[in-house]
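Examination of the molecular architecture
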Amino acid sequence: FDGVSWPPLPLMQNEKVVEAPTDRNQLTRRLTEKAVDFMKRNRHRPFFLYLAHWGPHTPLQATREDYEAVGDIHPHRKRVYAAMIRAVDRSVARVMQALEDEGLADNTLVVFTSDNGGFAKATDNSPLRANKGSNYEGGIRVPAIIEWPARVKSPSPKRVRLATP
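These lines cover the structure that appears in this document, whether it is placed above or below. Here the structure is a predicted model, which means the values were calculated and not measured.

Topic: the side chain of Ser134
By the secondary structure assignment, Ser134 is in the loop between β3 (110-113) and α4 (137-140). Discounting chain neighbours no more than four positions away, the residues touching Ser134 are Gly139 and Ile140.

A word on the nonpolar core
In terms of nonpolar packing, the biggest core is built from eleven residues, these being Ala35, Val36, Met39, Val92, Val95, Met96, Ala98, Leu99, Leu104, Ala105 and Val110. Elements represented by at least two residues in this core include exactly α1 (24-41) and α3 (76-101). The dominant element in this core, judged by the number of residues it contributes, is α3, at five residues. With eight residues, the next largest nonpolar core counts Leu60, Tyr67, Tyr81 and Met84 among its residues.

With respect to the environment of Pro59
Along the chain, the position of Pro59 falls in the loop between α1 and α2 (64-69). Spatially, the C-alpha atoms of Pro59 and Tyr81 are 9.8 Å apart, while their sequence positions differ by 22 residues.

With respect to the environment of Pro10
As for its position among the elements, Pro10 is in the segment before β1 (11-13). Linking Pro10 and Leu27, residues 17 residues apart in sequence, is a C-alpha distance of 8.9 Å.

Details of a nonpolar patch on the surface
A cluster of nonpolar side chains, contributed by Leu109, Val111 and Ile146, occupies part of the molecular surface with about 290 Å² of accessible area. Among the secondary structure elements, Val111 is positioned in strand β3.

A few points about unusual backbone geometry
What is expected of a backbone is that most residues other than glycine have negative phi and most peptide bonds are trans. Here the residue pair His74 and Pro75 is connected by a cis peptide bond, since its omega of -5° sits within 30 degrees of zero. You can see Pro75 is positioned in the loop between α2 and α3. A positive phi angle, close to 65°, is found at Glu15, a residue other than glycine. Among the secondary structure elements, Glu15 is positioned in the loop between β1 and β2 (16-19). In the Ramachandran plot, Ala130 falls in the positive-phi region, its phi being about 75° despite a non-glycine side chain. Among the structural elements, Ala130 can be located in the loop between β3 and α4. On the basis of relative accessibility, which here comes to 29%, the residue Ala130 falls in the partly exposed class.

About the cut-offs
- Residues numbered from 1 in each chain as written.
- Predicted model: local features only at pLDDT ≥ 70, side-chain atom pairs only at ≥ 80, totals over all residues.
- Heavy atoms only, no water.
- Helix = DSSP H or I, 4+ residues; strand = E, 2+ residues; numbered from the N terminus.
- Contact = heavy atoms within 4.5 Å.
- Core = buried A, V, L, I, M, F, W, Y, C linked by side-chain atoms within 4.5 Å.
- Buried < 20%, exposed > 50% of the residue type's maximum accessible area, 1.4 Å probe, protein only.
- Patch = residues over 30% accessible without salt bridge, like charges linked within 9 Å, V, L, I, M, F, W, Y side chains within 5 Å.
- Areas by Shrake-Rupley, 256 points an atom, 1.4 Å probe, with all protein chains shown as cover.
- Salt bridge = Lys/Arg side-chain N within 4 Å of Asp/Glu carboxyl O.

Written out as structure tokens, the structure is:
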């Protein structure tokens, strides 16, 4: 990667460091595991879960499996970024499957969104102007998907999965 690199951030729980992941992929997996565990432990009562992934953020790091699965994307950093998105997709799939498994999917409000536009060195926000960190559309216009089957009827008769297997 030819830009800024940040040291791994510790995984905190109740104001205590529980783990210092060595890479973004490990952090994505651990946050997902913690989220699924939290949902299982709280399935019999109302809960709020906010899962904000650090992948895809710098440093750009991906597993070989994800890197190879996204195809022949050039340049290299764009392929790594795509592989990181694949890891987050897999996390979303695990969280959504856990909701199904626990019988919570129909009556759970799920909001999927991003915090900002794409990273300039790894994405192309065209035709929007600029990227992450900008106040132009490319920096602030983000996707938002909301699902709450018990309350909001989908225009499609079946659910659409966001994630790759």
